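Chain and residue survey
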Amino acid sequence: MSCLLRVNASATPDTSFSRRVADTFTETWTGDVVTRDLAHSPVAHLDAAGITARATAPGERTAEQATAAALQDELVEEFLGASAYLFAVPMYNYSIPSVFKAWLDQVMVPGRTIGLGPGAAPTAGRTAVVVSARGGGYGPGAPQHGKDHLVPALRTILSDTVLFGLDLHFITPELTFAPTVDQLRPLLHLHEESLADSHDLARRHAEKLNHA
Ligand SMILES: Cc1cc2nc3c(=O)[nH]c(=O)nc-3n(C[C@H](O)[C@H](O)[C@H](O)COP(=O)(O)O)c2cc1C
């Protein structure tokens, strides 16, 4: 049975555009869904105990290392147990929300999930869809063009063949500030177009995966 791991990273779930577009995906998807909500349940930052636990045999770990390793095991098993991924990850300060970065740091375990050689990651070739809403516009010709540091970073982390090697797709509903910020209101039509395209793309990605 296909299983989708959905990770939500918006700090404001009730009004989240990323979340609503991701909902369109999951409403179309016919397999199982496991959801990890980082707004309600953020994961701990990777600390010294978590890093050193990776190179310490289970029987030799301190209590702190054992606790950190248990969290990593839970997150890694959940990650590897999925056959596809849906990441609802808004742009915060031009980049990845810290709760999502903390989750990534926990599941990027050299020798286990990454760093196993080109194309050798257990997740290699699995589909992942990132939905990343952003308040501004970042397309060609926009004043902010070139300042999106989320998409390039996630492209490297999630799709590089020596890392997770995922078959990665981005959906970026833009100008989400347009309905509420006066200066951006003239761009409302562009926001509405971008949002409609995003829902459509989410539906099409899910339909394609249903038939894969
Ligand atoms: C802490 C924070 C930082 C943000 N930084 C940016 C930014 O750098 N660029 C931008 O275009 N929008 C920025 N925004 C706006 C969000 O990207 C926008 O509200 C988006 O819709 C949030 O995703 P969500 O609707 O899924 O919650 C920021 C919002 C917050 C709360």
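Reading the values: the criteria
Residues numbered from 1 in each chain as written. Predicted model: local features only at pLDDT ≥ 70, side-chain atom pairs only at ≥ 80, totals over all residues. Heavy atoms only, no water. UniProt positions renumbered as here; feature names shortened; annotations may be inferred. Helix = DSSP H or I, 4+ residues; strand = E, 2+ residues; numbered from the N terminus. Near = heavy atom within 4 Å. Polar contact = N/O pair within 3.5 Å; in protein donor to acceptor, adjacent residues only side chain to side chain. Areas by Shrake-Rupley, 256 points an atom, 1.4 Å probe, with all protein chains shown as cover. Phe/Tyr/Trp six-rings, centres within 6.5 Å; stacked < 30°, edge-to-face > 60°. Salt bridge = Lys/Arg side-chain N within 4 Å of Asp/Glu carboxyl O. Buried < 20%, exposed > 50% of the residue type's maximum accessible area, 1.4 Å probe, protein only. Contact = heavy atoms within 4.5 Å.

Looking up the chain in an unreviewed UniProt entry gives the name FMN dependent NADH:quinone oxidoreductase, with the organism given as Amycolatopsis carbonis. Quoted straight from UniProt, the Sequence similarities (unreviewed entry) entry for the chain says "Belongs to the azoreductase type 1 family." In the Subunit (unreviewed entry) part of its UniProt record, the chain is described as follows: "Homodimer."

According to UniProt, the positions carrying the feature "domain: Flavodoxin-like fold" (unreviewed entry) are residues 4-159. Between the end C-alpha atoms of residues 4-159 the distance is 17 Å, and the span holds 36% helix and 13% strand.

The subject of this paragraph is the site of the ligand. As a structural note, the neighbourhood of the ligand is formed by 17 residues, with Ser 10, Ser 16, Ser 18, Tyr 138 and Thr 176 the closest of them. Here an oxygen atom of the ligand sits 2.7 Å away from a polar atom, N or O, in the main chain of Met 91. Between Tyr 138 and the ligand, the recorded distance is 2.7 Å, taken from a side-chain N or O atom to an oxygen atom. Compared with its free state, where it exposes 630 Å², the ligand has 76% of that area covered by protein.

As a further point, take the packing of aromatic side chains. Evaluation of the coordinates by the stated rule reveals nine aromatic pairs. On the numbers, 6.3 Å between centres and 25 degrees between planes, the contact of Phe 25 with Trp 29 is stacked. Taking 5.7 Å as the distance between ring centres and 55 degrees as the angle between the ring planes, the aromatic pair formed by Phe 87 and Trp 103 counts as tilted. Placement of Phe 87 in strand E3 (residues 84-88) and of Trp 103 in helix H4 (residues 98-107) is noted, with a sequence separation of 16 residues between them. Following the ring pairs from residue to residue traces out a cluster consisting of Phe 79, Tyr 85, Phe 87, Phe 100, Trp 103 and Phe 164.

Per the counting criterion, the structure on display carries ten salt bridges. The shortest N-O distance in the salt bridge between Glu 74 and Arg 36 comes to 3.0 Å. Remark: Arg 36 occurs in strand E2 (residues 32-37) and Glu 74 occurs in helix H3 (residues 63-80); sequence separation between them is 38 residues. Overall, the relative accessible area of 13% leaves Arg 36 in the buried class. Two residues, Lys 101 and Asp 105, come together in a salt bridge whose shortest N-O distance is 2.9 Å.

Moving on: the side chain of Ser 16. As for its placement among the helices and strands, Ser 16 is situated in the loop between strand E1 (3-8) and helix H1 (17-28). With relative accessibility at 4%, the residue Ser 16 sits in the buried group. A distance of 3.3 Å separates a polar atom in the side chain of Ser 16 from the backbone nitrogen of Ser 18.

Bringing the UniProt feature "binding site: FMN" (unreviewed entry) in the chain into the picture now. UniProt records the feature "binding site: FMN" (unreviewed entry) for Ser 10, Ser 16, Phe 17 and Ser 18 in the present numbering. If you trace the backbone, Ser 10 turns up in the loop between E1 and H1. By relative accessible area, Ser 10 is classed as buried at 7%. Those residues within four positions of Ser 10 in sequence are excluded, and the remaining contacts are Ser 16, Ala 39, Ala 88, Pro 90 and Tyr 92. There is a polar contact of 3.2 Å between the side chain of Ser 10 and the backbone nitrogen of Thr 12. Summarising the element assignment, Ser 18 is placed in helix H1. On the basis of relative accessibility, which here comes to 1%, the residue Ser 18 falls in the buried class. Excluding residues that lie within four positions of it along the chain, Ser 18 makes contacts with Ala 88, Val 89, Pro 90, Val 131, Ser 132 and Ala 133.

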